[in-house]
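A look at the structure
Each chain, letter by letter, is given below.
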Amino acid sequence: MVGAELTSAAVTPTLGLLWLVPALPLAAAAVNLFWGRRLKRAAGWLASAAVGAAFVLSALVVAELFRLPAQERLFVQHLFDWIRVGAFRVGADLRLDALSATMILVVTGVGTLIHVYAVGYMEGDPRFGRFFAYLNLFVGAMLLLVLGGNYLLLYVGWEGVGLCSYLLIGFWFEEVANANAAKKAFVTTRIGDTAMLVGLAFIVWRFGTLDFDPVLGRAGATLTEGAATAIALLLLGGAIGKSAQVPLHVWLPDAMAGPTPVSALIHAATMVTAGVYLVVRSAPIFEASPVALPIVLVVGLVTMLYAGTSALAQTDIKRVLAYSTISQLGYMFMAAGMRAYAAAMFLLVAHAFYKALLFLGAGSVIHGMHGEQDLRAMGGLLRRMPVTSATTLVGVAALAGVPPLAAFFAKDQILEIANHTGRPLVWALGSLGALVSALYVGRLAALAFLGRARSRAAERAHESPPTMALPLVALAVGAAAAGALNVVPEGRLAHLLEPVVGAVPHGEGIPAWALSTLGGLIAVVGLAATWVVYASGRVDHEMLAARLEPIPRMLGAGWYVDAAYERFVQAPTLAAARFIAGVLDARGVDGLVHAIAGGVVGIARIGRRIQTGFVRSYALVFLFGAIALLVLVGARS
Amino acid sequence: MRTPIAWFVMLSGILFALGSLGVLIRRNALLIFMSVELQLNAVNLALVAFARMHNALDGQVLAFFSMVVAAAEVVVGLAIIVAVYRRRQTVDVDDARELRW
Amino acid sequence: MSWLLTLLTFLPLVGAAVLLLGGRAVRDEAARWIALGTTVAAFLVALAVYGRFDPALAGFQLVERATWVPAIGLHYVVGIDGVSLWLVLLTAFLFPIAVLASWTIGRDVRLYMVAMLVLETAVIGSFLALDLLLFFLFFEAILVPMYLLIGGWGGERRVRAAVKFFLFTMAGSAFLLVGILVLWARSSGLADGPTFDLRQLLAVAASLPPATARWLFLAFLVGFAVKVPLVPLHTWLPDAHTEAPTAGSVLLAGVLLKVGTYGLVRFNLPLFPEASRAFATLVSILAILGILYGAVCAMMQSDVKRLVAYSSVSHLGFVVLGIFAFTDQSLTGGVLQMVNHGLATGALFLVVGMLYERTHTRELGAMGGLAGAMPWLLGAYLVAVFASVGLPGLNSFVGEFLVIVGTFAVHRWFGTLAALGVILAAIYLLWSYQRVAFGPIRDEHRRLADLDLREAVVLAPVLSLLLVFGVAPGVLTEAIAPAARSVVARVAGESVDIGAVAGATEEASPP
């Protein structure tokens, strides 16, 4: 159930600046693209300043918005008519409401920190300026995505972030693997995007417009159940691709080929949450269908468990985090599938903090160990990289759900809703997922920071420069404090979002305090167990893994989904394409053309034998022809 | 006394047959050319004879036409033959087969 | 100023005459500058036409009419409407760029430029002619200079490709000519005898028996389908593109293919509305087949020019699909996409040509890692690639989206299948880009020079337009949409006088 219709606010000088929020990073991107090389290190600071300014501006605009009464917290800024064909119009409209306000604050806030971090991380890279151009372009596109006032503008941002993702995953393109990962990411998400595009066509067909207000406001009344299901599932296709949900999740682990700040910003904190945003934004359409939300729930649940278990057996520190991201996004989908949109958004915000923190921490570790990403080669970094380790451990605890850090409240809320709305199975599996996440993140922490150093690189690891350390501290504070969004009664995120996405469902079940206690226990027990296995020295975890074979290998390969796609999708497609291009087109269609041409030549070859080249034989034929004609004419008359 | 038309036609036929034979069996382009002229003149003879028989001028006019065209043709034809001879030192038509295919 | 369109059409021909009559006295360098000056002047005239064009009106504007051969009803009639406006502007825009891109042609420069200029006259004439026989003359006149460009300045197997191109198109034109002549014969009942004037023939065609109209529709369709090219009549295109010089490819993809789709919009739909509806499903299926088939074939090419050629087959499928869905959005999108494809694919061929001049290869396998050596050139390539992929914000997206939306409203499955082409486009284009730009670089490519000034001047306008038309497609659609609207209405059977002359006076001046 979605909140009552909002009335749009009038322009005020502050609200009128909304367009600058995406425009600033885009302008900085253009500057860095053309003059990045000349700016040298200043390129990074320019980019950070642009995103920082966008954050300040966002904060001002959002503060102005929240000064209005709850039912008037909507501001639509019409910039210009983008497409106009007859009655069909698409405007370049920016839409600020509580939902997009939340998103722009997260994007610019976390984005600023990651930009600052990247100035240190990318130091000395020959394409330093270009990196920040892409990163700014990404922020601009992401802001367009969440601020877009209609589905098409959202789609513009949607594809724009996909482009930046492509460029940044393949940023170090000299490595073939990176380039492959970039292409895989773009193509895989494009499959989902295309479903979404068809969904947009469906919306135009049914509504004649793509603006959020008319479409979402009339969705329940206009759409039949079948049409609503079709649109919802097509949009979900896009969301699944972008948010790396099963079955289109395969690109995200590979996307870790990009520089670590990219992984933190794009593949953890912001872009991949766009799918969740889309589902929440389109909630009225999903609700008009009897099956769409249950499907969202199942997708989320399956993804959460699948990715969580896969994360357990990864050896690359970034791949652990990648699978973890997929799993957490699954959690958000679960929440959305239960109509707990505000809870999904809450987890989204909290996740942005602690996952960005974890990635930047991992990046700092990789930086400190000169590019080493294998967990098995780390160990004992707590002593050598104290700031990085301490902040990252905050992130670990936050992700695991240790009270009172961010994820504790968010997951707790989701599990409570599952329990209280009569979904005991979802609740049980969700709790299992929470345990799994505590296990994999605990394993990561224990292997990387505790125990003894297991390689030369780990022994010689050094702390990162302040531009990298400071954002870590800021994010750690955020990850620790994000839970507050759920504590302050009037400032609660759920309360603020209510006019846009409706109230969080309530019901009866196991008392909330019991559920919370259980949730906290799961986190603590999970972390403790990993400490025993991986860091206490009492268990030989390598022996343990060897005895569990082939399960670790299967989990490490992501349940062989990638291999199966390669075998059963990619290979047959390529074979078919090769047949069509090499045989059907070259020999079939073109062969037919050549056969016709050959036939004409063949006939001509026979025919030309008449042409002997002897003038006198021509004359003879001529003579006989003339006589034959004469005879013919004579016979007729 | 008028010579019967049949004589003219017969003479014309003989001349034409001679010309045709010349075109068919000669290999020298110049002689072929002369034979063609013989054929043309055979036809001219027939034209004039028939014109006289019918007391009409049409045939005579046609004969003039044919002569004018023949003259033009001779100019072009001889020029070609001379050009071919300059190039190849021969006017044997059986040797000139390059344009066959 | 009713001679503006004539000036636009024949200005390049004057340039060609100057070059031709100048004989050997015209040095190579002078020939280049004369050609560039002429094409730029033609572009300025085209801009003047744009300035005088009123987008709010649906009919033909700036019409000029004179009787040429009264005995057979051949008239010199030219006019411009929303459909042709942007195609003419695109043509006039691409020719100076193509000339500038041909600066490195070193052999028989004068004749090369003559061919280019004659080609420009023929193409612009095709877009402007409103008399069927006049159109046919221009349409056929395109062949000769293009044949010379491919056969004279092309790659290793150029002659073969040129002949294939020529024969294919001629075979199609034969059907077209028969169709035109039948239509002409049917018009003998008119007061002033049989005519080729399109606007008079519209009335004649409306009274044809349905069976005749369908045969004529098919004759016109074959003529234009070869040019588009519609699968399975497409196999001349990869060969022609592969062998053609860079500018030849740019113009072939940029404007020549559009003559085919333009013919469908200008002649097939208005002349035979009932037959268009009857064959719409068939043509749409061919179009979708083209989209998917072209994309799959493109995926497997190892020669980068062949790849772009097949991508044209795929993209032109979108255009045809949009034309034959008969909705405002789809037809507008289709025409828009003609312009967009011209720019995007033109840019691709320009970049590929520049790559070829440096690496001397078109094989994807023989390149790699070039983004490190030539960041600007490969950056330009990337923009062109993403424009072709249909990235929102760049130009092709709007056209494709309108086609999909418009088609989806009438045929759910056609719309959906067309959207699949979007995925395939991403696969083959990114894959090819990756093989050119990414990965380890070969030693002999390490020291290749990046864009020089001339090349930057060639690329900058095209790339800017890719972005401008992506952000502000309204510039184009404001003129296209009303014209598309009246074509759609006519196909739907409404009595729209599509030949209406808007805002211009006719001048009948018998010679």
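Sequence positions are assigned chain by chain, starting from 1 and proceeding in written order. Written order determines the labels here, with chains lettered from A and ligands numbered from 1. Only residues with pLDDT of at least 70 get local features here, since the model is predicted, and only at 80 or more are side-chain atom pairs given and counted; chain-wide, interface and lining totals rely on the full set of residues. To obtain the side-chain values, all non-hydrogen atoms of the structure were included, while hydrogens and water were left out.

Counting residues in each nonpolar core, the largest one holds 432 residues, and the members touching the most others are Y151(A), I285(A), L271(C), L378(C) and Y381(C). The numbering of helices and of strands both runs from the N terminus, where a helix is a DSSP run of H or I of at least 4 residues and a strand a run of E of at least 2. For this core, the element with the highest residue contribution is helix 15 (residues 341-368) of chain A, accounting for 20 residues. Where each domain starts and ends follows an automatic or database-derived domain assignment. A domain-level breakdown of this core finds at least three residues from each of domain 1 (351-503 + 510-543) and domain 2 (563-636) of chain A. Between two residues, a contact is recorded if the distance between any of their heavy atoms is within 4.5 Å. Setting aside anything within four residues of it in sequence, one finds L378(C) in contact with L355(C), L370(C), A371(C), Y433(C), V436(C) and A437(C). We call a set of buried residues a nonpolar core when its members are Ala, Val, Leu, Ile, Met, Phe, Trp, Tyr or Cys and they connect through side-chain atoms within 4.5 Å of each other. Residue exposure (1.4 Å probe, protein chains only): buried if accessible area is under 20% of the type maximum, exposed if over 50%, otherwise partly exposed. Within the second largest apolar cluster, nine residues are counted, among which are A619(A), V23(B), I32(B) and V91(B).

This brings us to the side chain of S48(A). All names here are of chain A. Examined against the element boundaries, S48 turns out to sit in helix 2 (residues 42-66). A relative accessible area of 6% means that S48 is categorised as buried. Here a polar contact means two N or O atoms within 3.5 Å. Within protein one must be a hydrogen donor candidate and the other an acceptor candidate, and residues neighboring in sequence count only if both atoms are side-chain atoms. For S48, the side chain forms a polar contact with the main-chain oxygen of G44, separated by 2.8 Å. Setting aside its immediate chain neighbours within four residues, S48 contacts T112, H115, V116 and V119.

Residues and elements named next belong to chain A. Most of strand 2 (residues 88-97) is tucked away, with nine of its 10 residues classed as buried. For strand 1 (residues 74-85) and strand 2, the ladder comprises 10 bridges, and the chain directions are antiparallel. Following the sheet pairing, V76 is matched in strand 2 by R95. Two strands form a pair only when DSSP identifies at least two bridges running between them.

With that settled, consider empty space enclosed by the protein. Of the two site types, the cavity is a set of points on a 1 Å grid over the protein atoms alone where a 1.4 Å probe fits but cannot get out, and the pocket is an open set with protein on both sides within 12 Å along at least five of seven lines, each lined by residues with an atom within 4 Å of a point. Grid points are joined across faces, edges and corners, and a volume is the space filled by probe spheres set on the points. One pass over the full model with this rule turns up four cavities of 30 Å³ or more. Estimates place the volume of the largest cavity at around 70 Å³. Forming the boundary of the largest cavity are A400(A), G401(A), A407(A), F408(A), K411(A), D412(A), L415(A), A434(A), G519(A) and A523(A). Where the lining of the largest cavity is concerned, the elements lending two or more residues are helix 18 (406-420) and helix 23 (512-535) of chain A. Considering every element that reaches the lining of the largest cavity, the biggest residue donor is helix 18 of chain A, with five residues. For the lining of the largest cavity, the per-class residue count stands at six nonpolar, two polar and two charged. Along the walls of the second largest cavity sit A101(C), T246(C), L350(C), G353(C), M354(C), E357(C), R454(C) and E455(C), which together make up its complete lining. Broken down by secondary-structure element, the contributors of at least two residues to the lining of the second largest cavity are helix 14 (328-359) and helix 19 (453-471) of chain C. Amino acids outside the nonpolar list (Ala, Val, Leu, Ile, Met, Phe, Trp, Tyr, Cys, Pro) and the charged list (Asp, Glu, Lys, Arg) are all regarded as polar, and Gly is one of them.

Residue and element names in this part refer to chain C. Every axis in this analysis is a line fitted to C-alpha atoms, fitted for helices over the stretch in contact. Angles between the N-to-C directions lie between 0 and 180 degrees. Contact geometry of helix 7 (residues 158-186) with helix 10 (residues 236-243) gives a least axis separation of 9 Å together with a crossing angle of 140°. Judged by the angle between their axes, helix 7 and helix 10 are oblique. The crossing of helix 7 and helix 10 is left-handed. From helix 7, R158, A161, K164, F165 and F168 reach across to helix 10, where they touch W236, D239, A240 and E243. Classifying every residue of the contact of helix 7 with helix 10 gives five nonpolar, no polar and four charged. To sort the angles, those under 35 degrees are grouped as roughly parallel, those over 145 as roughly antiparallel, those from 65 to 115 as roughly perpendicular, and the leftovers as oblique. Put simply, a crossing is left-handed when the front helix is turned counterclockwise from the back one by less than a right angle, and right-handed when it is turned clockwise.

The interface of chain C with chain A comprises 57 residues on the first partner and 47 residues on the second. In this description, buried area is defined as the sum, over both parts, of the accessible area (probe of 1.4 Å) that is lost when the two are combined. When the two sides are added together, the surface that chain C and chain A hide from each other amounts to roughly 4,500 Å², 75% of it contributed by carbon and sulfur. Throughout this description, the term salt bridge denotes a Lys or Arg side-chain nitrogen within 4 Å of a carboxyl oxygen of Asp or Glu. If you look at where chain C meets chain A, you find one salt bridge. Across the contact surface, chain C and chain A share 14 residue pairs in polar contact (both at pLDDT 80 or more). When residues in the side of chain C that touches chain A are grouped by element, the largest group, 13 residues, is from helix 18 (residues 412-437) of chain C. Along the lines of polarity and charge, the residues of the side of chain C that touches chain A split into 39 nonpolar, 13 polar and five charged.

Turning our eyes to something else, we now look at the arrangement of the chains. Among the two pairs of chains in contact, the pair with the most contacts is chains A and C. Contact between chain B and chain C is absent, and the minimum C-alpha spacing across the pair is 19 Å.

Before going further, it helps to spend a moment on the domain arrangement of chain A. When its domains are assigned, chain A resolves into domain 1 (351-503 + 510-543) and domain 2 (563-636). Of note, the centres of domain 1 of chain A and domain 2 of chain A, computed from C-alpha atoms alone, are 73 Å apart.

To continue, consider a nonpolar patch on the surface. Residues enter patches when their relative accessible area tops 30% and they take part in no salt bridge; the joining distance is 9 Å for like charges and 5 Å for the nonpolar side chains Val, Leu, Ile, Met, Phe, Trp and Tyr. Per-residue and other accessible areas were derived by the Shrake-Rupley procedure at a 1.4 Å probe size, with only the shown protein chains allowed to occlude residues. A surface patch of nonpolar side chains, amounting to about 610 Å² of accessible area, comprises V31(A), L33(A), F34(A), W35(A), L39(A), L46(A) and W376(C). By residue number, the principal contributor to the nonpolar patch is helix 1 (residues 20-39) of chain A, which donates five residues. Within the secondary structure layout, F34(A) lies in helix 1.

Attention shifts here to unusual backbone geometry. It is generally the case that most residues other than glycine have a negative phi and that most peptide bonds are trans. Cis geometry is found at the peptide bond from E549(A) to P550(A), where omega equals 5°. With respect to the helices and strands, P550(A) occurs in the loop between helix 24 (541-548) and helix 25 (551-556). Omega for the peptide link from V231(C) to P232(C) comes to 10°, which places this bond in the cis form. One can find P232(C) in the loop between helix 9 (210-227) and helix 10. The phi torsion at F326(C) lies on the positive side, around 55°, for a residue other than glycine. Looking at the secondary structure, you find F326(C) in the loop between helix 13 (304-323) and helix 14. For F326(C), a relative accessible area of 17% gives the class buried.

What follows concerns the packing of helix 3 (residues 82-101) of chain C against helix 19 of chain C. All names here are of chain C. Between helix 3 and helix 19, the shortest axis-to-axis distance is 8 Å and the interhelical angle comes to 155°. The orientation of helix 3 relative to helix 19 falls into the category roughly antiparallel. Along this stretch, helix 3 crosses helix 19, giving a crossing that reads as left-handed. The residues of helix 19 that touch helix 3, namely those facing W86, F93, I97, L100 and A101, are R454, V457, V458, P461, V462, L465 and F469. When grouped by side-chain class, the residues that make up the contact of helix 3 with helix 19 number 11 nonpolar, no polar and one charged.

Glancing now at the layout of surface pockets. Taken as a whole, the second largest pocket spans an internal volume of roughly 1,100 Å³. Lining the second largest pocket are 34 residues; nearest its centre among them are V615(A), A619(A), V23(B), I32(B) and V36(B). Within the residue set of the lining of the second largest pocket, elements represented by two or more residues are helix 27 (615-636) of chain A together with helix 1 (5-25), helix 2 (29-54) and helix 3 (58-88) of chain B. In terms of residues, the lining of the second largest pocket owes the most to one element, helix 27 of chain A, which gives nine residues. Tallied by class, residues from the lining of the second largest pocket come to 25 nonpolar, four polar and five charged.

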